[in-house]
There are 2 protein chains.
Amino acid sequence: MGKRQLKLGLVPTGVGGPGQHNRWLDPEIPGDASVDIDWYIDVARQAEAALFDLVFIVDSQFITPHSPPHYLNRLEPLTLLSALAVSTSRIGLVGTLTTSYNAPFNLARRLASLDLISRGRAGWNVVTSGDAGTAGNYSRDKHYDYDTRYGRALESVSVVRGLWRSYEDDAFPRDRASGRFLDPAKLHRLDHRGEHFSVVGPLNIQRSPQGEPVIFQAGDSEQGRDLGAAIADGIFTHAPSIEQGRAFYADVKGRAERLGRDPDRIVVMPGVSITVGDSDADAIEIEQAERRSDHSFEQALTEFGRSFGWHDFTQYDPDAPFPAHTLEFAKSSFFTNARKLTDLATSQNLTLRQTVETTRKHHPGPFVGSAETVASRIVEWFESRALDGLNIHMNHPAQFRRFTGEVVPLLQERGVFRSGYTHETLRGHLGLPVPSNRRVECAA
Amino acid sequence: MGKRQLKLGLVPTGVGGPGQHNRWLDPEIPGDASVDIDWYIDVARQAEAALFDLVFIVDSQFITPHSPPHYLNRLEPLTLLSALAVSTSRIGLVGTLTTSYNAPFNLARRLASLDLISRGRAGWNVVTSGDAGTAGNYSRDKHYDYDTRYGRALESVSVVRGLWRSYEDDAFPRDRASGRFLDPAKLHRLDHRGEHFSVVGPLNIQRSPQGEPVIFQAGDSEQGRDLGAAIADGIFTHAPSIEQGRAFYADVKGRAERLGRDPDRIVVMPGVSITVGDSDADAIEIEQAERRSDHSFEQALTEFGRSFGWHDFTQYDPDAPFPAHTLEFAKSSFFTNARKLTDLATSQNLTLRQTVETTRKHHPGPFVGSAETVASRIVEWFESRALDGLNIHMNHPAQFRRFTGEVVPLLQERGVFRSGYTHETLRGHLGLPVPSNRRVECAA
Ligand SMILES: Cc1cc2nc3c(=O)[nH]c(=O)nc-3n(C[C@H](O)[C@H](O)[C@H](O)COP(=O)(O)O)c2cc1C
Ligand SMILES: Cc1cc2nc3c(=O)[nH]c(=O)nc-3n(C[C@H](O)[C@H](O)[C@H](O)COP(=O)(O)O)c2cc1C
């Protein structure tokens, strides 16, 4: 293994994004960007030309007429990624799929198919569905409680990985002379019987050039962190400041180490916004202008409600004390985040408006400045182990071009980012080994 | 509407197919063709160059070490089709997905995504899973019984179609001047509460250029035929002879008519094998040679077992009377087919071997002959309403080239097949209208 290298991911959210409900007003962005495959192909190719490690597709399956634009209309992540797989050749393709409302056999099959179609570039971001309303779309009155959500997640990953190992690597002799297609001793059933699932197997798909898809995890509670430490190759998170980033990084790698895992085999990649200007002052001004035009208080209030099960906060006086009883609506949504906000509001006696303001983009954010400043900041975070890589929320197309055109070359100069792809698979890019699939026990 | 036109579909099964377990011995077929996206793209493009209506992907999710090669290793249908969507521009893309082991919201989402990615070329072949063993991969000890399977299928299609109509066609003004992205009155919840599913909705995807995906159905029992007549735009079936084809055609269109549907709005497309030779005798010889090399009695026995829940028939004396008690193993598999075979065996006192022989390709099949003969035969079946189109099982690549190069031009000369695409969507190719999505009731 060579020198530690920064990882770069692109999170293309199309017509809007966190804190940016009105991004679609940018005439460079098609009004239907979030369902326009040509738009996705174009941005994925831009990221690939800039040698990014991966494209990262987030997800949600619950909307109301009040949902922000980028929630209203979106492609299912894996269907989207399969189209990108044959439109790119090197970049990794990570899709968010929930273990709360998918059967493990289906997850295993679809991800393994993407892995073969992309020739070893697939990844899975394991989530438990932050939007409680998703339950109503899957024949349930209520979302699963946290223990069930995380229990299903852990068991799902174990089943999915078991299924991915149905065939040993040399299971198919495909010998035309002898007519032998399969070596049946190298095909294994799973015979899993667990608390949430029973799955006999085997999976009807061979392994890919990277063995099996890379697994990311997103979820911030104790249970979420334990899950990530136990099973993930990569972690998707938020990092509002370098201190918070370092604390999270140390925490999750420590958990992994205590489970006997090599902490270098987990890449921590927070989602970040980046604004590049001609100078620091110019960048600050760009961000300020975006902030003004892109996000009214009403819109921020809607987005704020997401962590509380999309609870409608417009019913409260914004200038009265924060309505702390609303935490109960968050129980089966993004509870960790909702509790953090509620604790902050109560401990500091904030109004609703003040609480919502704390969730809006910090201004200036840590990655706002000239290309030099942004590159230095990234190197600082990277070297002080606040992150192993960045998942960059693609804001305005012009900004992304500045990042790839101006910041990436500086990262290369400083020796923290590749100047050419050295691998063909996502596992290769991330410096992760191919998981072994050798069986020592007797064939079933 | 112009003159009635023949429809053509391609069923690419890669390394093998019904009655052809050893097709992978053909050096022109990669040993991993059934998971090789480049192979699929190549054959889909060949079919598109020949102006085919659609590519049709069949499916199975249950294997054992004894399964035929084309079952052992295959891509998940929709993941595959999404990659084909951006590698072709006109041909329809129909994928098999079971209503027994998929939640309707997930089906609706994935198919709607494919429909947008392909710009209106998606289709769904609704099946209830013929392989009873699939149950074990989805946390069930037993496959659903027939009533439940078909009850779920009918309810699933109704939910999926309801979700596809979540947005009215003009729901998104996306007006940059006024900042108005959505017209919330044109987004509708479903609020479905049924016997098998409850789904609140709405779906987070707009409609496609063809409105919504085309629906095929495959399943031959009374219940299967009623389902097809009630909900399908197209029927996938078998037609071993012109008489059987005509009887099925009349039956299913009659059922549709009795339900008040226009029978011309359902296309009946049996799966067929085609062998083209320089002369009729040459074609018969080609088929005979394939038959000899491609399918041993043991292999035929394995395939025969599929209808009986992959029951192992090698345990019986092939020359003793057919073991009729095995019908019980078919109860939750392909029961209609298994009962037909058992009835035949008992009524005619057949041995196991003789019964299996009746299922092997009839020789010569109806579509075996010179290009002239094959074209005439197709026109005859088409004009006597034994079919509206053919789903052609792609056997050897050389044979497919002969079909597209020699037979298709004759079909064009005779005026039954297009000589250029006249539409952009699958619905357009098949002569089906875009389903309406206008709401007259008050918005919820
Ligand atoms: C950084 C981050 C990204 C997430 N992305 C998604 C997502 O794309 N889709 C989703 O349904 N849930 C997503 N989640 C939700 C988690 O899976 C989880 O349900 C939620 O965060 C509540 O769990 P927690 O309290 O452990 O964070 C994300 C969570 C975090 C922290
Ligand atoms: C022509 C035809 C094609 C079928 N294709 C599939 C398939 O690709 N995958 C699958 O799981 N089941 C498939 N089925 C199975 C049906 O969905 C159904 O489960 C089975 O035929 C038993 O129902 P039946 O007695 O109504 O035919 C097919 C059935 C027919 C008749």
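Everything numeric in this text was worked out from a predicted model, so none of it was measured.

Student: In this structure, what is going on with the overall build of chain A? I would like to understand it.
Tutor: Helix and strand counts for chain A stand at 14 helices and 12 strands. For chain A, the C-alpha radius of gyration of 22 Å lies close to 22 Å, the compact-globule estimate for 444 residues. When its C-alpha atoms are laid out on the principal axes, chain A stretches across 75 × 50 × 45 Å. When each of the 444 residues of chain A is scored for burial, the buried share is 62%. Restricting the contact set of chain A to residue pairs at least 6 apart, pairs at least 24 apart contribute 76%. Summed over all atoms, the accessible surface of chain A reaches about 16,300 Å², with 49% contributed by carbon and sulfur. Taken as two groups, the 49 positive and 56 negative side-chain charges of chain A have centres that lie 6 Å from each other.

Student: Looking at this model, I keep getting lost on unusual backbone geometry. Mind explaining?
Tutor: It is generally the case that most residues other than glycine have a negative phi and that most peptide bonds are trans. Going from G201(A) to P202(A), the amide bond is cis rather than trans, its omega being -10 degrees. Looking at where P202(A) falls in the secondary structure, it is placed in the loop between β6 (198-199) and β7 (214-217). Positive phi values are uncommon outside glycine, yet D191(B) reaches one of about 50 degrees. Its place among the elements puts D191(B) in the loop between α5 (146-164) and β5 (192-193).

Student: Would you mind showing me how to read the sheet that holds strand β9 (residues 267-272) of chain A here?
Tutor: As a general point, the strands of a sheet are linked pairwise by backbone hydrogen bonds and lie either parallel or antiparallel. Residues and elements named next belong to chain A. Spatial ordering of the closed barrel is given by β1-β2-β3-β4-β7-β8-β9-β12, a layout of eight strands whose pairing is parallel. Neighbouring strand axes in the sheet, compared pairwise and without regard to direction, differ in orientation by 25 degrees on average. Alignment of β9 against strand β12 (residues 389-393), held across two bridges, turns out to be parallel. If you follow V272 over to β12, its bridge partner there is I392. Packing against the sheet, helix α3 (residues 77-85) makes contact with β2 (54-57) and β3 (92-98), and its axis sits at approximately 165 degrees to β3.

Student: Just to check I follow, could you spell out the site of ligand 2 for this structure?
Tutor: Residues and elements named next belong to chain B. Near ligand 2 there are 20 residues, and of these D59, Y146, Y150, S221 and T336 occur at the shortest range. In this structure, S221 approaches ligand 2 through a side-chain N or O atom, which is 2.6 Å from an oxygen atom. T336 is positioned such that a nitrogen or oxygen atom in its side chain is 2.3 Å from an oxygen atom of ligand 2. Expressed as a share of its isolated accessible area of 610 Å², the protein-covered part of ligand 2 is 93%. At the level of elements, α5 and β8 (234-238) are the ones that each hand at least two residues to the shell around ligand 2. Residue composition of the shell around ligand 2, grouped by class: seven nonpolar, 10 polar and three charged. No fewer than three residues from each of domain 1 (7-281 + 362-443) and domain 2 (296-358) sit in the shell around ligand 2.

Student: Quick question: what am I supposed to make of the pairing of strand β8 (residues 234-238) of chain A here?
Tutor: If a strand is regular, its side chains alternate between the two faces of the sheet. Residue and element names in this part refer to chain A. Most of β8 is tucked away, with four of its five residues classed as buried. By the bridge criterion, two bridges tie β7 to β8 in an arrangement that is parallel. Residue pairing in the sheet places F216 in a bridge with G234 of β8. As a crossover connection, the stretch from β7 through helix α6 (residues 222-231) into β8 is right-handed.

Student: Can you help me understand the site of ligand 1 in this one?
Tutor: All names here are of chain A. In the vicinity of ligand 1 lie 20 residues, with Y146, Y150, D220, S221 and T336 positioned nearest. In this structure, T128 approaches ligand 1 through a side-chain N or O atom, which is 2.8 Å from an oxygen atom. Between an oxygen atom of ligand 1 and a main-chain N or O atom of G130, the distance comes to 3.4 Å. Notes on ligand 1: free accessible area 600 Å², of which the protein chains cover 94%. Secondary-structure elements contributing two or more residues to the shell around ligand 1 are α5 (146-164) and β8. Each residue belonging to the shell around ligand 1 can be placed in one class, and the counts come to seven nonpolar, 10 polar and three charged.

Student: Is there a simple way to explain the interface of chain B and chain A in this structure?
Tutor: Taken together, the contacts link 74 residues of chain B with 74 residues of chain A. Three residues, W24(B), R176(B) and F181(B), lead the burial of chain B against chain A; their summed loss comes to 12% of the area buried on that side. Along the contact surface separating chain B from chain A lie eight salt bridges. Across the pair D59(A) and R109(B) runs a salt bridge, and its minimum N-O distance is 2.7 Å.

Student: Help me understand the side chain of N395(B) in this model?
Tutor: Looking at the element boundaries, N395(B) is found in the loop between β12 (389-394) and α13 (397-413). Setting aside its immediate chain neighbours within four residues, N395(B) contacts Q20(B), R23(B), I29(B), S273(B) and I274(B).

Student: Sorry, what's going on with the sheet that holds strand β1 (residues 7-12) of chain B here?
Tutor: Residues and elements named next belong to chain B. Spatially, eight strands are ordered β1-β2-β3-β4-β7-β8-β9-β12 in a closed barrel, and the strand pairing comes out parallel. Taken over all neighbouring pairs, the strand axes of this sheet differ in orientation by 25 degrees on average, direction set aside. Where strand β3 (residues 92-98) and strand β4 (residues 122-127) come together, six bridges link them in parallel fashion. Each residue of the ladder has a partner; that of T98, found in β4, is V127. Sheet strands touched by helix α7 (residues 242-258): β8 and β9 (267-272). Its angle to β9, the strand with the most contacts, is close to 145 degrees.

Student: Mind showing me how you'd approach the relation of the copies chain B and chain A here?
Tutor: In summary, the two copies of the chain are related to each other by a rotation about an axis coupled with a shift along it. Each copy superposes on the other: chain B lies on chain A with an RMSD of 0.0 Å after a rotation of 180 degrees and an axial shift of 0.0 Å. Accordingly, the operation relating the two chain copies is best matched by a two-fold axis. Residue A83(B), judged by its C-alpha, is the member of chain B lying nearest the rotation axis, at 2.2 Å.

Student: Can you walk me through the domain arrangement of chain A in this structure?
Tutor: How big an interface is tends to be stated in terms of accessible area lost as the parts join. All names here are of chain A. You can read the domains of chain A as domain 1 (7-281 + 362-443) and domain 2 (296-358). Taken together, the 21 residues of domain 1 in the interface contact 13 residues of domain 2. Regarding the contact of domain 1 and domain 2, the summed buried area is about 1,400 Å², with carbon and sulfur atoms giving 45% of it. Viewed at the interface, domain 2 and domain 1 are joined by two salt bridges. Measuring nitrogen to oxygen at the nearest pair gives 2.9 Å for the salt bridge that ties D131 to R306. In this assembly, domain 1 and domain 2 are joined by 10 residue pairs in polar contact (both at pLDDT 80 or more). Taken together, the residues that form the side of domain 1 that touches domain 2 break down as seven nonpolar, 10 polar and four charged.

Student: When you look at the environment of D388(B) in this model, what are you seeing that I'm missing?
Tutor: All names here are of chain B. Positionally, D388 belongs in the loop between α12 (371-383) and β12. The exposure class of D388 is buried, given its relative accessible area of 5%. Along the sequence, D388 and A281 sit 107 residues apart, while their C-alpha atoms lie 28 Å from each other. Not counting the four nearest positions on each side in its chain, D388 is found in contact with R4, Q5, L6, K7, Y249, K253, I266, V267, V268 and F382.

Student: I'm lost on the packing of helix α4 (residues 104-117) of chain A against α5(A) in this one. Help?
Tutor: Describing two packed helices takes the angle between their axes plus the distance from one axis to the other. Residue and element names in this part refer to chain A. The N-to-C vectors of α4 and α5 enclose an angle of 50 degrees; their axes lie 9 Å apart at closest approach. Viewed along their axes, α4 and α5 adopt a mutual orientation that is oblique. Seen from above, α4 lies across α5 with right-handed handedness. Contact residues: α4 offers P104, F105, L107, A108, L111 and A112, while α5 offers S156, V159, V160, L163 and W164. Of the residues in the contact of α4 with α5, the class split is 10 nonpolar, one polar and no charged.

Conventions adopted
- Residues numbered from 1 in each chain as written.
- Chains lettered and ligands numbered in written order.
- Predicted model: local features only at pLDDT ≥ 70, side-chain atom pairs only at ≥ 80, totals over all residues.
- Heavy atoms only, no water.
- Helix = DSSP H or I, 4+ residues; strand = E, 2+ residues; numbered from the N terminus.
- Rg over C-alpha atoms; globule rule 2.2 N^0.38 Å.
- Buried < 20%, exposed > 50% of the residue type's maximum accessible area, 1.4 Å probe, protein only.
- Contact = heavy atoms within 4.5 Å.
- Areas by Shrake-Rupley, 256 points an atom, 1.4 Å probe, with all protein chains shown as cover.
- Lys, Arg positive; Asp, Glu negative; His and termini not counted.
- Charge placed at Lys NZ, Arg CZ, Asp CG, Glu CD.
- Pairing = 2+ DSSP bridges.
- Axes fitted to C-alpha atoms, helices over the stretch in contact; angles between N-to-C directions.
- Near = heavy atom within 4 Å.
- Polar contact = N/O pair within 3.5 Å; in protein donor to acceptor, adjacent residues only side chain to side chain.
- Nonpolar A, V, L, I, M, F, W, Y, C, P; charged D, E, K, R; others polar.
- Domains from an automatic or database assignment.
- Right-handed = clockwise from strand over helix to strand, strands pointing away.
- Buried area = accessible area lost by both parts, 1.4 Å probe.
- Salt bridge = Lys/Arg side-chain N within 4 Å of Asp/Glu carboxyl O.
- Least-squares fit on C-alpha atoms with pLDDT ≥ 70 in both.
- Parallel < 35°, antiparallel > 145°, perpendicular 65-115°, else oblique.
- Left-handed = near helix turned anticlockwise from the far one by under 90°.

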